[in-house]
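Observations on chain architecture
For reference, the chains in residue letters:
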Amino acid sequence: MIFAASILLTVGVLAFVLFVRPQDLPEPEAASPTQHLEDRKAVIYDNLRDLNFEYRLGKLSEADYNKTKLTLQNELAGVLAEIDRVIKGVAKPAAAPVKSAKVEAPKEVAKSPEPLVCPHCSAKFDKPMKFCGECGKSMTGAAE
């Protein structure tokens, strides 16, 4: 009697597991258009933290540390710019059309105060960047 009940229960479980109807499955959640970029940003931040830790332990020379840090910061700036572009929905710029011989006077651009120093975390950089390589915030925004 117990043997028959266990066989019946096993057959019932197998039927339930193997005969799932597609209409019973929930709809998959829509993937964020920036999820892969957010994941890449998190990996770069982890790499920067690990790099800083290894440098402090003395595993890296200063030249290697600076070179690797600059590479990661440049990659991070590109990822942050791509996230910004996707969020704003701006299409990638196409090749610039060839303009006529008429040259327009350059427009005066409002310059942010010290583009080499982050207004949020005061990190210093060798060249102007759109986003800070340390805190990830905009280099043009006001300090919060």
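Quick caveat, the model's predicted, so the values are computed rather than measured. (Residues numbered from 1 in each chain as written. Predicted model: local features only at pLDDT ≥ 70, side-chain atom pairs only at ≥ 80, totals over all residues. Heavy atoms only, no water.)

1. Focus on the overall build of the protein chain
Scanning the protein chain for helices and strands turns up 3 helices and 0 strands. Mapped in sequence order, the helices and strands of the protein chain form the string α-α-α. Counting every position in the protein chain, which comprises 144 residues, the buried fraction comes to 16%. Across the protein chain, the fraction of contacts at a sequence separation of at least 24, relative to all contacts at a separation of at least 6, is 46%. When the accessible area of the protein chain is evaluated, it comes to approximately 11,800 Å², of which 61% is carbon and sulfur surface. (Helix = DSSP H or I, 4+ residues; strand = E, 2+ residues; numbered from the N terminus. Buried < 20%, exposed > 50% of the residue type's maximum accessible area, 1.4 Å probe, protein only. Contact = heavy atoms within 4.5 Å. Areas by Shrake-Rupley, 256 points an atom, 1.4 Å probe, with all protein chains shown as cover.)

2. Here we look at the side chain of T34
Position of T34 relative to the elements: it lies in the loop between helix 1 (2-18) and helix 2 (35-57). Apart from the residues within four sequence positions on either side, T34 is in contact with I83, V86 and I87.

3. Side note on the packing of aromatic side chains
For any pair of aromatic rings, geometry is given as the distance between the ring centres together with the angle between the planes. Taken as a whole, this structure holds 1 aromatic pair when the rule is applied. Ring centres of Y55 and Y65 lie 4.0 Å apart, and the angle between their planes is 15°; this geometry places the pair in the stacked category. With a gap of 10 residues between them, Y55 in helix 2 and Y65 in helix 3 (residues 62-88) connect regions that are remote in the sequence. Its relative accessible area of 28% is what places Y55 among the partly exposed residues. Taking relative accessible area as the criterion, Y65 reaches 10% and is therefore assigned buried. (Phe/Tyr/Trp six-rings, centres within 6.5 Å; stacked < 30°, edge-to-face > 60°.)

4. Observations regarding the nonpolar core
Of all hydrophobic cores here, the largest spans 12 residues; its members are L37, I44, Y45, L48, L51, Y65, L72, L76, V79, L80, I83 and F131. If you list the elements that add at least two residues to this core, you get helix 2 and helix 3. The leading source of residues in this core is helix 3, at 6 residues. Once you skip the residues sitting within four places of it in the chain, F131 turns out to touch A77, L80, A81, D84, G136, K137, S138 and M139. Formed by 7 residues, the second largest nonpolar core is a distinct cluster that contains A77, F125, M129 and M139. (Core = buried A, V, L, I, M, F, W, Y, C linked by side-chain atoms within 4.5 Å.)

5. Some points on the state of the cysteines
Note on terminology: disulfide describes a covalent bond linking the sulfur atoms of two cysteines. The full count for this structure, using the stated rule, is 0 disulfides. Not part of a disulfide, C118 finds its nearest cysteine sulfur in C132, a span of 3.7 Å. Owing to a relative accessible area of 1%, C118 belongs among the buried residues under this scheme. (Disulfide = S-S within 2.5 Å.)

6. So, helix 2
Three- or four-residue spacings in an α-helix give side chains the same orientation, since the helix completes a turn every 3.6 residues. If you check helix 2, its first and last C-alpha atoms are 33 Å apart, about what 23 residues at 1.5 Å a residue would give, namely 33 Å. Within helix 2 the residues assigned to the buried category are L37, I44, Y45, L48 and L51. Elements in contact with the buried residues of helix 2: helix 3. Directly after helix 2, the chain includes G58, whose backbone phi takes a positive value near 90°. (Expected span 1.5 Å × (residues − 1).)

7. With respect to the pattern of salt bridges
Tallying each qualifying case throughout the model produces 5 salt bridges. One salt bridge in this structure joins R49 and D46, with 2.7 Å as the shortest N-O distance. Of this pair, R49 and D46 both sit in helix 2, 3 residues apart, which is roughly one turn of that helix. Exposure remark for R49: the relative accessible area of 51% places this residue in the exposed category. What makes D46 partly exposed here is its relative accessible area of 36%. (Salt bridge = Lys/Arg side-chain N within 4 Å of Asp/Glu carboxyl O.)

Keep in mind that these numbers describe shape and distance, not what the molecule does.
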